[in-house]
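# What the coordinates show
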Amino acid sequence: MAGVLLTYMARMDSEDPGQALDLLEPDFRYLIALPGREATGRSKTDFAAYIAGRNAVEREHKILRHSSDGDLETVYGVVTESGKAVGSFLSAAVVTPEGRMARYQSYFTTTYDLIDLPE
């Protein structure tokens, strides 16, 4: 099901990021690599705790590229906080036939942009 990552990012950027949990399998596994640390988990419950621990900022994931091949979906984009670009990310998910994410891997960097940032 193409577009699950697009929906996931929109929900994570919303007033209620907990809505993103509806897009996850119960045994969801993830790795989110951030500058200086990694967030990992092996369940939807672990991810709910990750969401609860995020700092509340005006954050948006601006998707610049999106692709899907079979059960693998990828996105590349820029993260903005209060409208200012703070870094870029490359994320991938394995999506089940039911349209939920089973696995998720994301790399965020503040020091390198694969694609030039939009003006």
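Residues numbered from 1 in each chain as written. Predicted model: local features only at pLDDT ≥ 70, side-chain atom pairs only at ≥ 80, totals over all residues. Heavy atoms only, no water.

Within the largest apolar cluster, 24 residues are counted, with the highest numbers of intra-cluster contacts made by Tyr 8, Tyr 30, Phe 47, Met 101 and Tyr 104. Every element with two or more residues in this core is listed here: helix H1 (4-12), strand E1 (24-34), helix H2 (44-53), strand E4 (72-81), strand E5 (84-95) and strand E6 (101-109). Element by element, the count of residues in this core is highest for H1, at 5 residues. With residues up to four places along the chain from it excluded, the contact list for Tyr 30 reads Ala 39, Thr 40, Gly 41, Ser 43, Asp 46, Phe 47, Tyr 50 and Tyr 104. (Core = buried A, V, L, I, M, F, W, Y, C linked by side-chain atoms within 4.5 Å. Buried < 20%, exposed > 50% of the residue type's maximum accessible area, 1.4 Å probe, protein only. Helix = DSSP H or I, 4+ residues; strand = E, 2+ residues; numbered from the N terminus. Contact = heavy atoms within 4.5 Å.)

A separate point is the pairing of E4. Within a regular beta strand, the side chains point alternately toward one face of the sheet and then the other, so they alternate between its two faces. Of all 10 residues making up E4, 7 are buried, and the element is well covered by its neighbours. Inspection of the sheet shows strand E3 (residues 59-69) paired to E4 by 10 bridges, in the antiparallel sense. Bridge pairing in E4 links His 61 to Val 79. Count of turn residues in the E3/E4 antiparallel hairpin: 2 residues, of which Gly 70 carries a positive phi of about 60 degrees. With 10 bridges connecting them, E4 and E5 associate as antiparallel partners. Residue pairing across strands places Glu 81 opposite Lys 84, the latter belonging to E5. Here E4 hands over to E5 after 2 residues, with Ser 82 in that stretch at a positive phi of 55 degrees. (Pairing = 2+ DSSP bridges.)

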